[in-house]
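Remarks on the overall topology
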Amino acid sequence: MTSTPYTVADVMTTRVIAVTPTTGFKDIAAAMERWKVTALPVLEGEGRVVGVVSEADLLPKEEFHEHRPGLIEQMRHLGDTAKAGSTRAGDLMTTPAVTIRPDATLPQAARLMADRHIKRLPVVDADGTLKGIVSRADLLKVFLRTDQDLTAEIRQNVVKRLFPLSHEAVKVTVSHGIATLTGQVRDGNLIPLAERLTHAVEGVVDVHCRLRAPTAA
């Protein structure tokens, strides 16, 4: 009924700063600082994502910089102490990388980030080749759609399709992403559906549905 949902491909960043497994520790840190990112995909061959190296992967080097951990401490923090002695992305990275496909929906991306407690996802094709990167901030881009754009989509893809005979009696207004539907329609059974479909429009923050239908005599 509504237009095709926004996908990761619609909001992802296609210019991605990446490293290779042989990239050194200092070059990784410098790239993060220069480009103001907290994680970098690690690419192999023709751009296949084999891992992600993040600030968290680099921190053990600083944590154990002033002292060499004892045997018990090494056993407790085996992964961290191994990374503290590493100097290349291939040894520092987290693998396998958590990735997502370009055709995934924005809610799917948001759920994956929440479940895995990560802030960004490399976007890959079926072969695992990097196509872009999507961040939490990218997922919020749909809420930057103008009120005029949202009004037009709701009227065209919800009101006119649900109420072809009475759509002219329906007023659609959107203010700061909050949509309000008012007016009288012929079929009251479709009012709850109109509210749900309006909620589903990408970028809508909330819906006030004030549609009404003639009461039965």
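Up top is the structure these notes are about.
Here the structure is a predicted model, which is why all the values come from computation and not from measurement. (Residues numbered from 1 in each chain as written. Predicted model: local features only at pLDDT ≥ 70, side-chain atom pairs only at ≥ 80, totals over all residues. Heavy atoms only, no water.)

With respect to the nonpolar core
Among the nonpolar cores identified, the biggest contains 19 residues, and Ile154, Val158, Val159, Phe163, Leu181 and Leu211 are the most heavily contacted of them. Looking at this core, the elements with two or more residues in it are helix 9 (147-162), strand 5 (170-175), strand 6 (178-184), helix 10 (191-200) and strand 7 (206-212). Per-element tally for this core: the top contributor is helix 9, with 5 residues. Counting residues in each nonpolar core, the second largest holds 14 residues, with Val11, Ala104, Leu106 and Met113 among its members. (Core = buried A, V, L, I, M, F, W, Y, C linked by side-chain atoms within 4.5 Å. Buried < 20%, exposed > 50% of the residue type's maximum accessible area, 1.4 Å probe, protein only. Helix = DSSP H or I, 4+ residues; strand = E, 2+ residues; numbered from the N terminus.)

What to know about the pattern of salt bridges
One pass over the full model with this rule turns up 7 salt bridges. Residue Asp91 is joined to Arg88 by a salt bridge in which the shortest nitrogen-to-oxygen separation is 3.9 Å. Arg88 gets classed as partly exposed once you look at its relative accessible area, which sits at 38%. The salt bridge partner of Glu153 is Arg145, with a shortest N-O separation of 2.6 Å. Neither residue differs from the other here; Glu153 and Arg145 are each classed as buried. (Salt bridge = Lys/Arg side-chain N within 4 Å of Asp/Glu carboxyl O.)

A short note on unusual backbone geometry
Cis geometry is adopted by the peptide bond preceding Pro96, which originates at Thr95 and carries an omega value of 0 degrees. Secondary-structure assignment places Pro96 in the loop between helix 6 (89-92) and helix 7 (106-116). Backbone geometry at Lys36 places phi at a positive 55 degrees, although glycine is not the residue there. Relative to the helices and strands, Lys36 resides in the loop between helix 2 (25-35) and strand 1 (39-44). The class of Lys36 is exposed, set by a relative accessible area of 62%. For His117, which is not glycine, the phi torsion reads 55 degrees and is therefore positive. By secondary structure assignment, the location of His117 is in the loop between helix 7 and strand 3 (120-124). The exposure class assigned to His117 is exposed, which follows from its relative accessible area of 69%.

So, to be careful, I would describe these as geometric facts and stop short of saying anything about function.
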